[in-house]
Amino acid sequence: MSAVMLYNARLVDPEAASLARGAIRIEGGKIADILPGVTEGSGVDCKGRCLAPGIVDIGVKIGEPGERHKESFRSASRAAAAGGVTTIVMRADTVPAIDTPETLAYVLSRARDESVVRVLPMAALTKARAGREMTEISFLQDAGAVAFSDGDAVCTDPKILSRCLGYAAQLGALVIGHVQDPGLSAGAAVTQGKFATLRGLPAVSQMAERMGLERDLALVEMTDARYHVDQITTAAALPALARAKAAGLNVTAGVSIHHLTLNELDVGDYRTFFKVKPPLRAEEDRMAVVQAVADGLIDMISSMHTPQDEESKRLPFAEAASGAVALETLLPAALRLVHGGALSLPALFAAVSLNPARRLGLPQGRLAVGAPADLVLFDPDVPFVLDRFKLRSKSKNTPFDGARMQGRVLASYVAGQKVYDWRADVS
Amino acid sequence: MDFSARHLLGIEPLAQGDIRSILDLAEQYVDLNRQSNKHGDALAGMTQINMFFENSTRTQASFELAGKRLGADVMNMSMQTSSIKKGETLIDTALTINAMRPDLLVVRHPGSGAVNLLAEKVNCAVINAGDGQHEHPTQALLDALTIRRAKGRLHRLSIAICGDIAHSRVARSNLLLLGKMGNRVRLVGPKTLMPAGIADLGVEVFDDMRKGLKGVDVVMMLRLQRERMDGGFIPSEREFYHRYGLDAEKLSHASADAIIMHPGPMNRGVEIDGTLADDINRSVIQEQVEMGVAVRMAVMHLLARNLREARTRPEEVIA
């Protein structure tokens, strides 16, 4: 494979927490050289735009198998490439769930045939995500599962969950939990409070998250499992997370981009594109969670990309499906935090690229010699108004329709190959 | 005259002037309704469809009578037995009804916000006749008219709303309306039936009914739905009645001339003592029903006027 040079870039290095001019030479799909200060040369002139390790997005829902009308590998991977996501870590909450090595093999073969970005699948922790029998964790690991999660189906039996965690621990498998107490959150569409009361919608207390987290952390302490929380979205849950980390438990946490950039009031007059799981929180919670990302208490930011067709969203709010597409809007939305002064660019890419890759034991997510040349070139400043019908996802359920965004992806590279070029889009 | 809105989806977007306009017009219809010839012509030639996705006898009858007295062609659709059961979505139902070119749609639905959703998809005026636990604006308006007639004013009154606040759209619409008009609103009920964050809405919250009723001018009781017992909200009907049922002793803490209201249907002996409900000196429950027809006539009259005006504006795409 021939060598390519990307020069005159602002290199966003999350490991060194630095932002400096320079060039990157790609050879054989890997980063062959990093040349600080190099602003001239032959190859691609980045014109001072930012070059960062491609996003590793943990928790992406793809509609295959089962719901290809909502999202296919083809559409999801093109959306990912256009959003600077070079590794999709796919959720197992498909129909059927990815709970056997055979289903996993099918998913991997579809990804190989259709995807322009890397796809790494999770597998379910329990069969059919029903919380009763554990899946063949070892077989699934051998088949390529990078983590084990039942998604938003919370295991209600602590004894069964403790066995799953113990079994996974012995295999070194990473378990990803959703920490909303299922009893307290049953039927809820929004977060409890003044807004929910005015709208008359079924609501859940913020405490459901702390309860779910405290239970899971106790079981992690009991089993020595490797554990990641998909989303921490409330201030009340943060002290428990901090205590667990201080106690040396093998625990990390994520948050969705929506909980960092939107709050419960955005639901307005029953706008179902703002219905996500867990529900959007109060502004104080949003601010606390942004601070926790800045402090490193919350390790990563993900899209929690959840495609839903128009039919499942055009319903009375309580009946409408949850979730939002976000592969293409993750970076522009996250740049709001940078422009607002809450995060630096290197800190943002630690949260979206470096930390998720590290947690999964992947070599990408870094600007380092020898690392895969998975890169995103973007202009953090260019403004645009989002039009949901221009999204590449088959489903257009974004809460950012019509929103003013600042920052857009110019090109994405996977193993040195350009998989997205914004100029090909301008028409 | 104020109130230039296209729909009546809730009290929340209304201003004081809107509310006054509706109530003033309703007064005229109270007079009309007391004559032997009760016919007006504000809705002449118009089609009114009542779509009730949730059971209701009195509200539907009230809207039907209001429409008929104003000369509309009124059709009632009981949506619980119709195509909804066959899996048709609310939007498809709305589009189907819309294609029949109604002028007024009166909608009740068990889902909060469902009427807002439907209103986005149709060309006619939509009246929310109760959506989930969100709003029931015509109930609040008829309550306001009843209070104004009994008390001679609709401001600087102290009003206690009692019982199952959490599940009540009537309570929400009432506290919004009464607050907008400059009254002091108290909410009385057990903590389990009091929604979170309600105190932030400018009301006083009481779990002791005697303290809550102290000196109030109006006691507004809410219906306790029997299924609340299953959800573990209260231990039993008799304990609820003991603590929160309105009887003569509890009422004695209110102003000597306090009136008693109830949106109906009543559970006698659960939230209200039967003789108290029938006490013609204190209870205005029957008058509420009468005001209901007048208020609905006024609301439909004004919406029909707004619709006619909108249709004469060339830039509007209203069919």
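Just so it is clear, the model here is predicted, and its values are computed rather than measured.

(A) Representation of the overall build of chain B. Of regular secondary structure, chain B possesses 11 helices and 9 strands. In summary, chain B has a C-alpha radius of gyration of 20 Å against a globular reference of 20 Å for 319 residues, a match within 12%. Based on the C-alpha atoms only, the size of chain B along its principal axes is roughly 60 × 45 × 35 Å. By the burial criterion, 58% of the 319 residues in chain B qualify as buried. In chain B, the proportion of contacts linking residues at least 24 apart, taken out of those at least 6 apart, comes to 74%. For chain B, the distance from the average position of its 39 positive side-chain charges to the average position of its 39 negative side-chain charges is 1 Å.

(B) Just the side chain of S255 of chain B, in detail. Residue and element names in this part refer to chain B. Secondary-structure assignment places S255 in the loop between α9 (248-251) and β9 (259-261). A distance of 3.4 Å separates a polar side-chain atom of S255 from the backbone oxygen of G215. With residues up to four places along the chain from it excluded, the contact list for S255 reads G215, V216, D217 and R282.

(C) Examining the pairing of strand β13 (residues 251-256) of chain A more closely. Residue and element names in this part refer to chain A. With 6 of 6 residues buried, β13 is to be regarded as a mostly interior element. In terms of strand pairing, strand β12 (residues 226-229) meets β13 through 3 bridges, oriented parallel. Along β13, the bridge assignment pairs Y227 with V251. With respect to chirality, the unit in which β12 leads through helix α8 (residues 238-246) into the neighbouring parallel β13 is right-handed. The pairing of β13 with strand β14 (residues 300-302) spans 3 bridges and is parallel. Following the sheet pairing, G254 is matched in β14 by M300.

(D) Quick look at the interface of chain B and chain A. Listed per partner, the contact involves 21 residues of chain B and 15 residues of chain A. Surface buried jointly by chain B and chain A totals about 1,500 Å² across both partners, of which 63% is contributed by carbon and sulfur atoms. Considering only the side of chain B, the residues that lose the most area to chain A are S112, A196 and L201 of chain B, jointly responsible for 29% of the buried surface there. Where chain B packs against chain A, one counts 1 salt bridge. In this structure, R199 of chain A engages E12 of chain B in a salt bridge whose closest nitrogen and oxygen atoms are separated by 3.0 Å. Looking at the side of chain B that touches chain A, the elements that each hand over two or more residues are α3 (90-99), α4 (114-119) and α6 (169-180) of chain B. With 3 residues, α4 of chain B is the largest single contributor of residues to the side of chain B that touches chain A.

(E) Representation of helix α7 (residues 207-223) of chain A. All names here are of chain A. The first and last C-alpha atoms of α7 sit 24 Å apart over 17 residues, in line with the 24 Å expected at 1.5 Å per residue. Considered for burial, the residues of α7 that qualify are A208, E209, G212, L213, D216, L217, L219, V220 and T223. With its buried residues spanning 165 degrees around the axis, α7 presents them on a single face. Set apart from the buried face of α7 by more than 90 degrees, the exposed residues are E221 and M222. Buried-residue contacts for α7 involve α4 (158-170), α5 (182-185), β11 (203-204), β12, α8 and β13. One or two steps after α7, the chain reaches D224, where phi turns positive at roughly 60 degrees.

(F) Inspection of the sheet that holds β14 of chain A at higher detail. Residue and element names in this part refer to chain A. Taken in spatial order, the 4 strands of this open sheet run β9-β12-β13-β14, and their pairing is parallel. Each of the sheet's edge strands pairs with one partner strand only, and the pair in question is β9 (174-177) and β14. Neighbour-to-neighbour, the strand axes of this sheet turn through a mean angle of 30 degrees, independent of strand direction. The pairing of β9 with β12 spans 4 bridges and is parallel. Counted as the bridge partner of L174 is R226 from β12.

(G) Representation of the sheet that holds strand β3 (residues 104-109) of chain B in the model. All names here are of chain B. Across the sheet, 4 strands lie side by side as β2-β1-β3-β4; this open sheet has parallel pairing. Only two strands of the sheet have a single partner each, and these edge strands are β2 (73-78) and β4 (125-131). In this sheet, neighbouring strand axes are inclined to one another by 15 degrees on average, regardless of whether the strands run parallel or antiparallel. As paired strands, β3 and β4 are joined by 5 bridges and run parallel to one another. Note that in β4 the partner of L104 across the bridge is A125. This element, α3, spans β1 (47-52), β2 and β3 of the sheet and lies at about 160 degrees to β1.

Calculation notes
- Residues numbered from 1 in each chain as written.
- Chains lettered and ligands numbered in written order.
- Predicted model: local features only at pLDDT ≥ 70, side-chain atom pairs only at ≥ 80, totals over all residues.
- Heavy atoms only, no water.
- Helix = DSSP H or I, 4+ residues; strand = E, 2+ residues; numbered from the N terminus.
- Rg over C-alpha atoms; globule rule 2.2 N^0.38 Å.
- Buried < 20%, exposed > 50% of the residue type's maximum accessible area, 1.4 Å probe, protein only.
- Contact = heavy atoms within 4.5 Å.
- Lys, Arg positive; Asp, Glu negative; His and termini not counted.
- Charge placed at Lys NZ, Arg CZ, Asp CG, Glu CD.
- Polar contact = N/O pair within 3.5 Å; in protein donor to acceptor, adjacent residues only side chain to side chain.
- Pairing = 2+ DSSP bridges.
- Right-handed = clockwise from strand over helix to strand, strands pointing away.
- Buried area = accessible area lost by both parts, 1.4 Å probe.
- Salt bridge = Lys/Arg side-chain N within 4 Å of Asp/Glu carboxyl O.
- Expected span 1.5 Å × (residues − 1).
- Arc of directions from axis to C-beta.
- Axes fitted to C-alpha atoms, helices over the stretch in contact; angles between N-to-C directions.

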